[in-house]
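Residue-level listing of the chains:
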Amino acid sequence: MSNDKEQRHKEAMKKQKAKVDANIAAADEERGVAILLTGNGKGKSSSAFGMVMRALGYDHTVGVVQFIKGAQLSGEELFVKNKCPEVTLYQMGTGFTWNTQDRSGDIAAAEETWAQAEAMLQDERYDLVVLDELTYMIGYKYLDEQKILDAIKNRPREQSVVVTGRGGGSALQELVDTVAEIKDVKHAFRAGVKARKGVDY
Ligand code: ATP
Ligand code: MG
């Protein structure tokens, strides 16, 4: 780089650093956060499990509740189940899958699963609670929306919660601190590529 270019780059970086430092100084509130990972693109659940890994790195206490039962356990579920006895994992048992047409059975399973989630959201021992695919329970009206909002709102101050799933509704978006919408630009599946072990499940 020419000296001139070098100098300009230095100045731009200095400005950028001042901006970042000011933003860091302004964020002075210390508390847990509520996060919604939504949108049609790939990466919601895997991001949530990424945060599980982060939290475990600090020996935090983690709970995961999954509201949709897949046809098979995915890799992260197997990992948590078999190799992370310190994570409390609850999966919706019989009942709702994409294939059932048994609404009252689904609702009973959703309620049972929600009871586990609610208990975690009232328990200050949990640093992080993941509610995977919870949005569909709101969308299908399997669970009462207000009940979910209240439980998230009234959770312990230091506890963080991550909700995943498409949709979720505006009330949930408003309540949580962080909303990230993953855009579906392209997905291999639509080009005929089979879901891949260790990547898609
Ligand atoms: P992941 O678990 O990979 O983070 P996700 O949680 O964002 O994905 P879900 O809607 O829960 O997405 O669906 C999970 C499965 O569906 C994964 O196998 C994922 O690769 C696949 N999938 C996600 N988005 C799409 C899409 N837009 N088109 C096709 N398949 C998708
Ligand atoms: Mg998912």
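Parameters and conventions
Numbers given to residues run from 1 along each chain, matching the order in which its sequence is written. By the order in which they are written, chains take letters starting at A while ligands take numbers starting at 1. Only residues with pLDDT of at least 70 are given local features in this predicted model, and only at 80 or more are side-chain atom pairs given and counted; all residues enter the totals for whole chains, interfaces and linings. Hydrogens and waters are ignored; side-chain quantities use all the structure's heavy atoms. UniProt positions are given in the numbering used here, feature names are shortened, and annotations may be inferred rather than shown by experiment. Proximity is defined per residue: any heavy atom of the residue falling within 4 Å of a molecule or strand makes that residue near it. Polar contacts, as counted here, are pairs of nitrogen or oxygen atoms within 3.5 Å of one another; within protein the pair requires one atom able to donate a hydrogen and one able to accept it, and residues that are adjacent in sequence qualify only if both atoms are side-chain atoms. Note on areas: Shrake-Rupley, 1.4 Å probe, and residue coverage restricted to the protein chains presented here. Lining residues are those with an atom within 4 Å of a point, where the points come from a 1 Å grid over the protein atoms alone and group into cavities, where a 1.4 Å probe fits but cannot get out, or pockets, open sets with protein on both sides within 12 Å along at least five of seven lines. Whether a molecule lies in a cavity or pocket depends on its atoms, and more than half of them have to be within 2 Å of the grid points. Residue polarity follows a fixed list, in which Ala, Val, Leu, Ile, Met, Phe, Trp, Tyr, Cys and Pro are nonpolar, Asp, Glu, Lys and Arg are charged, and the others, Gly among them, are polar. Note on donors: an N, O or S atom is included if it sits within 2.8 Å of the metal, or within 3.2 Å for Na, K and Ca, and water is never included, so sites can look incomplete. Put simply, DSSP marks the helices as runs of H or I at least four residues long and the strands as runs of E at least two long, and each gets a number from the N terminus on. To sort residues, take the accessible area from a 1.4 Å probe on protein chains only and compare it with the maximum for the residue type: under 20% means buried, over 50% means exposed, and anything in between is partly exposed. Contacts are residue-level and defined by heavy atoms, with any inter-residue pair within 4.5 Å sufficient.

Per an unreviewed UniProt entry, the chain is named Corrinoid adenosyltransferase, and its organism is Gilvimarinus japonicus. Quoted verbatim from the Pathway (unreviewed entry) field of the UniProt record, the comment on the chain reads "Cofactor biosynthesis; adenosylcobalamin biosynthesis; adenosylcobalamin from cob(II)yrinate a,c-diamide: step 2/7."

Caption draft 1: Highlighting the site of ligand 1. Near ligand 1, the surroundings consist of 13 residues, among which Lys42, Gly43, Lys44, Ser46 and Asp200 are the closest. Gly41 has a polar backbone atom sitting 3.4 Å from an oxygen atom of ligand 1. Protein chains shield 79% of the accessible area of ligand 1, which is 580 Å² for the free molecule. If you map ligand 1 onto the pockets, it falls in the largest pocket. Of the residues belonging to the shell around ligand 1, the class tally is no nonpolar, six polar and seven charged.

Caption draft 2: Structural detail: the coordination of the magnesium ion (ligand 2). For the magnesium ion (ligand 2), the full set of protein donor atoms is Ser45 (OG) and Glu133 (OE), and the range of their distances to it is 2.1 Å. Pair noted here: Ser45 is in helix H2 (residues 44-57) and Glu133 is in the loop between strand S4 (128-132) and helix H5 (135-139), with a separation of 88 residues, a long-range link. The exposure class of Glu133 is buried, given its relative accessible area of 18%.

Caption draft 3: Main features of the side chain of Thr38. Note on placement: Thr38 falls in strand S1 (residues 34-38). Looking at Thr38, the relative accessible area reads 4%, which means it is buried. There is a polar contact of 3.0 Å between the side chain of Thr38 and the backbone oxygen of Gly167. Apart from residues no more than four positions distant in its own chain, Thr38 is found in contact with Lys44, Gly165, Arg166, Gly167, Val179, Ala180, Glu181 and Ile182.

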